[in-house]
There are 2 protein chains.
Amino acid sequence: VDDPKNILAFPLPPPTKVPAKVLDVDKKTPDAHVPRDPRLIRLTGVHPFNVEAPLSDLYNEGFLTSPELFYVRNHGAVPVVRDEDIPNWELTVEGLVEYPIKLTLKELVADYEQVTCPITLVCAGNRRKEQNQVRKTKGFSWGAAGVSTALFTGTFMSELIKRARPTRRARYVCMEGADKLPNGFYGTSVKLNWVMDPNRGIMLAHKMNGEMLRPDHGQPLRAVIPGQIGGRSVKWLKKIIITDQPSDNWYHIYDNRVLPTSVSPDEAAANPAWWKDERYAIYDLSTNSAIAYPAHDEQLCVIGAPENYRVKGYAYGGGGRRVTRVEVSIDKGKTWRLSKIDYAEDKYRDAGPRELFGGTVDMTWRESSFCWCFWTCDVPVRELRDAKDILVRAMDESMNIQPRDMYWSVLGMMNNPWYRIAINQENDYLRFEHPTQPALIPGGWMERVKKAGGNLLNGYWGERIDGEEPEVP
Amino acid sequence: VDDPKNILAFPLPPPTKVPAKVLDVDKKTPDAHVPRDPRLIRLTGVHPFNVEAPLSDLYNEGFLTSPELFYVRNHGAVPVVRDEDIPNWELTVEGLVEYPIKLTLKELVADYEQVTCPITLVCAGNRRKEQNQVRKTKGFSWGAAGVSTALFTGTFMSELIKRARPTRRARYVCMEGADKLPNGFYGTSVKLNWVMDPNRGIMLAHKMNGEMLRPDHGQPLRAVIPGQIGGRSVKWLKKIIITDQPSDNWYHIYDNRVLPTSVSPDEAAANPAWWKDERYAIYDLSTNSAIAYPAHDEQLCVIGAPENYRVKGYAYGGGGRRVTRVEVSIDKGKTWRLSKIDYAEDKYRDAGPRELFGGTVDMTWRESSFCWCFWTCDVPVRELRDAKDILVRAMDESMNIQPRDMYWSVLGMMNNPWYRIAINQENDYLRFEHPTQPALIPGGWMERVKKAGGNLLNGYWGERIDGEEPEVP
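Residues numbered from 1 in each chain as written. Chains lettered and ligands numbered in written order. Predicted model: local features only at pLDDT ≥ 70, side-chain atom pairs only at ≥ 80, totals over all residues. Heavy atoms only, no water.

A.B. asks: An account of the overall build of chain A is needed here, citing residue identities and associated values.
C.D. replies: When its secondary structure is counted, chain A shows 12 helices and 25 strands. The C-alpha radius of gyration of chain A comes to 23 Å, within 12% of the 23 Å expected for a compact globule of 473 residues. Burial status across chain A gives 63% buried among its 473 residues. Partitioning the intrachain contacts of chain A with sequence separation of at least 6 by distance along the chain shows that 72% fall at a separation of at least 24. Carbon together with sulfur atoms contributes 52% to the accessible area of chain A, which is approximately 17,900 Å² in total. Side-chain charges of chain A comprise 61 positive and 62 negative groups, with the mean position of each set lying 2 Å from the other. (Helix = DSSP H or I, 4+ residues; strand = E, 2+ residues; numbered from the N terminus. Rg over C-alpha atoms; globule rule 2.2 N^0.38 Å. Buried < 20%, exposed > 50% of the residue type's maximum accessible area, 1.4 Å probe, protein only. Contact = heavy atoms within 4.5 Å. Areas by Shrake-Rupley, 256 points an atom, 1.4 Å probe, with all protein chains shown as cover. Lys, Arg positive; Asp, Glu negative; His and termini not counted. Charge placed at Lys NZ, Arg CZ, Asp CG, Glu CD.)

Dropping the structure here:
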């Protein structure tokens, strides 16, 4: 920490207000020990706790999300961990290793090099509400705020595994949490070669934005698997098991998969082979983006409006691949305009090695990108007046681009078609309409179009194509 | 080579017939020293030599392509290399290294471990003819056969670079060939950390399918960069230069880029900044697929036809990411059926370490996939009779899927929308029509639809949407 100016060159966490109070709704649940922020939108009733922030609140936080607004995906009750037991939290490394390890969190922090890194986590279900509008999936209705970013501090998982010395047959790293669920403890796996690859930056984290992990985020220890879906970043981590096969944990097999779109819910239920085909397991995130502003139901008075409206939002890629362009269309995808992209993650890269929150920020050597970026696109208001919608799509460095079409699958995962906001012209106002609202909240053009009998999968968002008659039934 | 049965478990190269004769067309060109196969389709007139095989011929070769049908992308004349000079071909490693290296091909083969690997190369322009039908790009008209696979033998580039000891500032590996062109020698670069990553398998190859490289494929030495566009695999390789910046070679800057679709040819010509933005440079291939059968103009008599028609083709992913599903639609993308995939590359993986063509095949430890796969999908002929088209799309392990929409850009690169074959019902026959034919060869539904005034970018291949009126002009 030589030069405070340099420190300020990269974003520090936004002001945080640690929730001090257990909310009334939580008092009668197994999570009665967990204080929470009331702004979070609950997606699965009261319990278990699965939440996202309102999209505008999330975006307004900026690059880093405060832990109280960071999305949460809990499969069951949050394990009770007393403060005094935290230093003695035990983690094991076992399975196909020459030297099995059992160590406490205290030892992990003391004996291993600590690093701090900004990492975006995204739930595989982000934007699933849109899929549920088309046809009910087995998953609950995430809006577009199932994504958040924090500075995680901890050790590279590879350091621990190196000391345990995997045997020749070792291929997978299975992880198991302390959250006891109907089908056993939550667990999953990733490939050993990914864990050992420094460019993938797979971590064991005990801090988030400089403070101890909060209970909903895995206190006191979690895996953080950058560039991959949140479901691989096991919280309340207890066990690392090196194996020659992917995890056989129930949650690894029956969750976080994109089965072929032709597999119906009945077929998926009848035939377990679909679930055991590792080709359909999700690891890397796919390229995605969403519009934060205009917000849902935001109104723009065109009388006396400024010349331009600044459309804004986020985008992210998967597997460390960087978003290289974000494009906006206001003519249904006929033409696209280029957005400006702000990759705040680069500011940490440029800052050079330095200490932060008890870990070294050292990303100068790493060329992968594991965080979301923010983009803006100034659109003349006079053009918006004539437009029916605003579309956005991102492309990553591998030239993978968000598609027009939704890929519907049984679990409803990895939804990443162009994000579309409809524009409703109401007298002197433009009223903007997002595709959906999270959870059971009504609203959004998808609901409206569906009610009007539109086919949401016709390639034109179920709306009638200009100058063309509706489809003959 | 213990067990001949095991050797036969993976595909060996198809029968090859080394062209012995210089073709008449080549006799008056600077390539008058290069014997060639007359079946190859020339895409840029007679010279320079840019060719693909007829798609059916390519597919019929099977997993491995014989060198005489392997696609060729030459920017200029093929360097003349006399047989007796081959062992003394010199390669240097220079730039940001502690120990610059100069060595001959003979030394490279003698002093470094040799490996043999099946690798698919793909030109970034594969399927560009489709883009040229929409709007002329600056690139020539590849059909869907700008892709081929061979067994390459050589050394890992990382081995050589390790001995040269890159300095701390080293970030890029620039390569330069012996082909002298109007704007200097052909050259480009990739990231140093990719070259050093064993999972990426970047090679210096001197053999192809067990024989010395042929002149069109870089004799006597070339780079082979698996999972990336062919333009990075520099042929007739003379120099490796380690740098802290991407290559400043003219061909690196002004070729192999996907500029934003909003950048017009005029804008691209007027503003060099577009070309120097490394975000738009192409490295990884994008997910792609094409249908080989039915072939263009193939006819199927529906009277007495077998119950099913077997639709067949190829698919590939980029950056080592595996194709995990290939889906076929005969109802314009409303529903999709799953194809069977044959990943012949896995047979080498499963075979375990063994010698082949003077190098070790050892892919057991490597989990990346660098070859195309073949897929088949049986479709009932009675359903084909009612269908207007056959569509195919592939998805890779990162859930990146081929989109419905074409991404047009100035250079016309990385074209990967759903591959579509139109079905023409002609009396008792179905006549199948590919989107285009390569080079200036007429034919294909795109040409036909365009002539009829259809908008090829309307999301429905320019055809009228069932039951809907044409767009009001």
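A.B. asks: Please provide a residue-by-residue account of the sheet that holds strand E19 (residues 340-342) of chain B, values included.
C.D. replies: Residue and element names in this part refer to chain B. Pairing within the open sheet is antiparallel, and its four strands lie in the order E14-E16-E22-E19. Edge positions in the open sheet fall to strand E14 (288-293) and E19, since each of these has one partner strand only. If you compare each strand with its neighbour and ignore which way they point, the axes differ by 30 degrees on average. As judged from the five bridges shared by E14 and strand E16 (residues 308-316), these two strands associate in the antiparallel manner. The residue bridging Tyr293 from the neighbouring strand is Lys312, located in E16. (Pairing = 2+ DSSP bridges. Axes fitted to C-alpha atoms, helices over the stretch in contact; angles between N-to-C directions.)

A.B. asks: Give me the lowdown on helix H5 (residues 157-164) of chain A, citing residues and values where you can.
C.D. replies: All names here are of chain A. What H5 keeps buried is the set Met157, Ser158, Leu160, Ile161 and Ala164. The buried residues of H5 all sit within an arc of 160 degrees when viewed along its axis, so they share a single face. Looking one or two residues past H5, Arg165 carries a phi angle of roughly 55 degrees, positive in sign. (Arc of directions from axis to C-beta.)

A.B. asks: Describe the side chain of His206 of chain A, and please don't skip the residues or the numbers.
C.D. replies: If you trace the backbone, His206 of chain A turns up in strand E10 (residues 203-208). Setting aside anything within four residues of it in sequence, one finds His206 of chain A in contact with Leu105, Val109, Gln114, Thr153, Gly154, Glu211, Met212, Leu213, Pro220 and Leu221 of chain A.

A.B. asks: Describe in detail the interface of chain B and chain A, supporting the description with residues and values.
C.D. replies: Contacts between chain B and chain A engage 52 residues on the former and 52 residues on the latter. Interface of chain B and chain A: buried area, both sides summed, is about 4,500 Å²; carbon and sulfur atoms make up 46% of it. Per-residue buried area on chain B facing chain A is highest for Arg279, Glu367 and Met399 of chain B; these three make up 15% of the total on that side. In this assembly, chain B and chain A are joined by four salt bridges. Glu367 of chain A serves as the salt-bridge partner of Arg171 of chain B, at 2.9 Å between the closest nitrogen and oxygen. (Buried area = accessible area lost by both parts, 1.4 Å probe. Salt bridge = Lys/Arg side-chain N within 4 Å of Asp/Glu carboxyl O.)

A.B. asks: Quick one: what's the story with the packing of aromatic side chains, residue by residue and with numbers?
C.D. replies: Residues and elements named next belong to chain A. Applying the stated criterion to the full structure yields 42 aromatic pairs over all chains. Between Tyr59 and Phe374 the ring centres are 4.6 Å apart and the planes differ by 25 degrees, which places this aromatic pair in the stacked class. Of this pair, Tyr59 sits in helix H2 (residues 55-61) while Phe374 sits in strand E22 (residues 373-380), and the two are 315 residues apart along the sequence. In terms of burial, Tyr59 and Phe374 fall into one category: buried. (Phe/Tyr/Trp six-rings, centres within 6.5 Å; stacked < 30°, edge-to-face > 60°.)

A.B. asks: Explain the environment of Val326 of chain A to me, and be specific about the residues and the numbers.
C.D. replies: All names here are of chain A. Position of Val326 among the secondary structure elements: in strand E17 (residues 323-329). Assessed through its relative accessible area of 0%, Val326 is described here as buried. Separated by 38 residues in the primary sequence, Val326 and Asn288 have C-alpha atoms spaced 9.8 Å apart. Not counting the four nearest positions on each side in its chain, Val326 is found in contact with Ala315, Arg337, Leu338, Ser339, Ile341, Trp375, Val392, Arg393 and Ala394.

A.B. asks: Can you break down the pairing of strand E24 (residues 419-426) of chain B residue by residue, with the values?
C.D. replies: The two faces of the sheet receive side chains in turn, since in a regular strand these alternate between them. Residues and elements named next belong to chain B. With respect to burial, E24 is a largely interior element, six of its eight residues being buried. Where strand E23 (residues 389-396) meets E24, four bridges bridge the pair, whose relative direction is antiparallel. Following the sheet pairing, Leu391 is matched in E24 by Arg420. Pairing analysis gives five bridges linking E24 to strand E25 (residues 429-433), with the strands arranged antiparallel. Within E25, the position partnered with Gln425 by the bridge is Leu430. The hairpin formed by E24 and E25 contains two residues between the paired strands, and Asn427 there has a positive phi angle of roughly 55 degrees.

A.B. asks: Can you break down the environment of Ile291 of chain A residue by residue, with the values?
C.D. replies: Residues and elements named next belong to chain A. Considering the arrangement of structural elements, one finds Ile291 in strand E14 (residues 288-293). Taking the relative accessible area as the measure of exposure, Ile291 reaches 0% and is therefore buried. Ile291 sits 37 residues away from Val328 along the chain, and the two C-alpha atoms are 9.8 Å apart.

A.B. asks: Quick rundown of unusual backbone geometry? Include the residues and the values.
C.D. replies: A cis amide bond links Gln219 of chain A with the next residue in sequence, Pro220 of chain A, at an omega value of 10 degrees. Residue Pro294 of chain B follows Tyr293 of chain B across a cis peptide bond; omega there is 5 degrees. You can see Pro294 of chain B is positioned in the loop between E14 and strand E15 (299-301). Residue Asn256 of chain A is not a glycine yet carries a positive backbone phi of 60 degrees. Tracing the sequence through the fold places Asn256 of chain A in the loop between helix H7 (250-254) and helix H8 (265-270).

A.B. asks: An account of the pattern of salt bridges is needed here, citing residue identities and associated values.
C.D. replies: Considering all chains together, one arrives at 73 salt bridges over all chains under this definition. As a salt-bridge pair, Arg393 of chain A and Glu327 of chain A come within 3.0 Å of each other at their nearest N and O atoms. Of this pair, Arg393 of chain A sits in strand E23 (residues 389-396) while Glu327 of chain A is found in strand E17, placing the two residues 66 residues apart along the sequence. Across the pair, Glu327 of chain A and Arg393 of chain A agree in class, each one buried. Close ionic contact of Asp85 of chain B with Arg82 of chain B constitutes a salt bridge, the shortest N to O distance being 3.1 Å.

A.B. asks: So, the confidence of the model for chain A: which residues are in play, and what are the values?
C.D. replies: Residue and element names in this part refer to chain A. Chain-level statistics for chain A give a pLDDT mean of 95 and a share of 96% at 70 or above. For the stretch residues 469-473, pLDDT sits under 50, and the model shows nine contacts to residues farther than four places along the chain or on other chains. Predicted complex, confidence summary: ipTM 0.95, pTM 0.96. (pLDDT = per-residue confidence, 0-100.)

A.B. asks: Quick rundown of the sheet that holds E23 of chain B? Include the residues and the values.
C.D. replies: The six strands lie next to each other as E15-E25-E24-E23-E17-E18 (chain B), forming an open sheet whose pairing is antiparallel. In this open sheet, the two strands that pair with only one neighbour each are E15 and strand E18 (337-338) of chain B.

A.B. asks: Describe the relation of the copies chain B and chain A, naming the residues involved and giving the relevant values.
C.D. replies: Laying chain B over chain A is done by rotating through 180 degrees and shifting 0.0 Å along the axis; what remains is an RMSD of 0.0 Å. Taken together, these values place the two copies in the relation of a two-fold axis. Mapped onto chain A, 100% of the interface residues of chain B are again interface residues, and the two copies thus contact each other with one and the same surface. (Least-squares fit on C-alpha atoms with pLDDT ≥ 70 in both.)

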